[in-house]
Amino acid sequence: MAVRAVRGATQLDEDTREHMLDRVAELVTDVMEANGLDVDDFISIIFTATSDLVSEFPAYAARQLGFSDVPLVCARELEIEGSMPRVVRLMAHVETDLLRADVTHVYLHGAANLRRDLSRTTSHD
C-alpha cells in the first residue's frame, strides 16, 4: 500500500459555523467517495482557511464524521492580493492502492476554479 496526498478545497457562501461544518463535511466526504477511502485509510489532514473565515475550525467537521484518532491541524492560508475569499483547503495523507495519477482531487463550489488544470477533478457548483 502506498502513501498518497489528496488535495481539495471548497468555497463558503458566508462565514457561519453551520455553513462551515456543512461545506467541510461535504468536502471530506467527497474526497472519501471519489477515492474509495475509509476513515482508517487517513494518516493525517491539514486544513487551511482564508483569513475571512473565523466561525469554526474546519477540522471540527472531520471530527464529527468520525476522524477521532486521525491527526488534524488547521492553519491560515496566505493572504495574497486578489485571491479567492472564504476558501477552506485540505491536504490529506492516505494509505491507498491508487496510483498517484489515479487520485481524484476534489474542488467544490467556487473553489472548482482554483485547479482547472487537474485532469481528475470533481467539482460541485
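Coordinates for the structure precede this section.
Note that the structure is a prediction, hence the values are computed from the model and not measured.

Focus on the environment of Leu12
Consideration 1: Its place among the elements puts Leu12 in the loop between strand E1 (2-11) and helix H1 (17-35).
Consideration 2: Separated by 74 residues in the primary sequence, Leu12 and Arg86 place their C-alpha atoms 5.3 Å from one another.

Considering the pairing of E1
In summary, the side chains of a regular strand alternate between the two faces of the sheet.
Consideration 1: Note that E1 and strand E4 (residues 87-96) share ten bridges and pair antiparallel. The partner of Ala9 across the bridge, within E4, is Arg89.

Some details on the side chain of Asp41
Consideration 1: Mapped onto the elements of the fold, Asp41 is located in the loop between H1 and strand E2 (42-49).
Consideration 2: For the buried Asp41, no salt bridge is present, and the opposite-charge side chain at shortest range is Arg4, 13 Å distant.
Consideration 3: For Asp41, the side chain forms a polar contact with the main-chain nitrogen of Asp38, separated by 2.7 Å.

Observations concerning the packing of aromatic side chains
Consideration 1: Tallied over the full model, the rule gives one aromatic pair.
Consideration 2: On the basis of an interplanar angle of 80° and a centroid distance of 5.0 Å, the ring pair of Phe42 and Phe67 is categorised as edge-to-face. Placement of Phe42 in strand E2 and of Phe67 in the loop between helix H2 (58-64) and strand E3 (72-76) is noted, with a sequence separation of 25 residues between them.
Consideration 3: Assessed through its relative accessible area of 7%, Phe42 is described here as buried.
Consideration 4: Classification of Phe67 by relative accessible area gives buried; the value is 0%.

Looking at the pattern of salt bridges
Close approach of charged atoms allows side chains with opposite charge to pair.
Consideration 1: Scanning all chains against the criterion turns up three salt bridges.
Consideration 2: Arg23 is the partner of Asp13 in a salt bridge, and the nearest nitrogen-oxygen pair spans 3.0 Å. With Asp13 in the loop between E1 and H1 and Arg23 in helix H1, this residue pair connects regions lying ten residues apart in the sequence.
Consideration 3: Note on Asp13: relative accessible area 56%, which makes it exposed.
Consideration 4: Arg17 is the partner of Glu56 in a salt bridge, and the nearest nitrogen-oxygen pair spans 2.6 Å. Here Arg17 lies in helix H1 and Glu56 lies in the loop between E2 and H2, a separation of 39 residues in the sequence.
Consideration 5: Here Arg17 falls in the partly exposed class, since its relative accessible area comes to 38%.

Some thoughts on a nonpolar patch on the surface
Consideration 1: Where nonpolar side chains cluster on the molecular surface, the patch consists of Ile46, Val73 and Met91 and spans about 200 Å² of accessible area.
Consideration 2: With respect to the element layout, Met91 can be found in strand E4.
Consideration 3: Since its relative accessible area comes to 30%, Met91 is described here as partly exposed.

Concerning the nonpolar core
Consideration 1: Grouped together as the largest cluster of nonpolar side chains are 29 residues, with contacts concentrated most on Phe42, Phe47 and Phe67.
Consideration 2: At seven residues, H1 tops the list of elements feeding residues into this core.
Consideration 3: When near neighbours in sequence (up to four residues on either side) are disregarded, Phe67 contacts Val28, Met32, Val39, Phe42, Ile45, Ala62 and Leu72.
Consideration 4: Membership of the second largest hydrophobic core comes to six residues, among which are Ala9, Val87, Tyr107 and Ala111.

Calculation criteria
Residues numbered from 1 in each chain as written. Predicted model: local features only at pLDDT ≥ 70, side-chain atom pairs only at ≥ 80, totals over all residues. Heavy atoms only, no water. Helix = DSSP H or I, 4+ residues; strand = E, 2+ residues; numbered from the N terminus. Pairing = 2+ DSSP bridges. Buried < 20%, exposed > 50% of the residue type's maximum accessible area, 1.4 Å probe, protein only. Lys, Arg positive; Asp, Glu negative; His and termini not counted. Salt bridge = Lys/Arg side-chain N within 4 Å of Asp/Glu carboxyl O. Polar contact = N/O pair within 3.5 Å; in protein donor to acceptor, adjacent residues only side chain to side chain. Phe/Tyr/Trp six-rings, centres within 6.5 Å; stacked < 30°, edge-to-face > 60°. Patch = residues over 30% accessible without salt bridge, like charges linked within 9 Å, V, L, I, M, F, W, Y side chains within 5 Å. Areas by Shrake-Rupley, 256 points an atom, 1.4 Å probe, with all protein chains shown as cover. Core = buried A, V, L, I, M, F, W, Y, C linked by side-chain atoms within 4.5 Å. Contact = heavy atoms within 4.5 Å.

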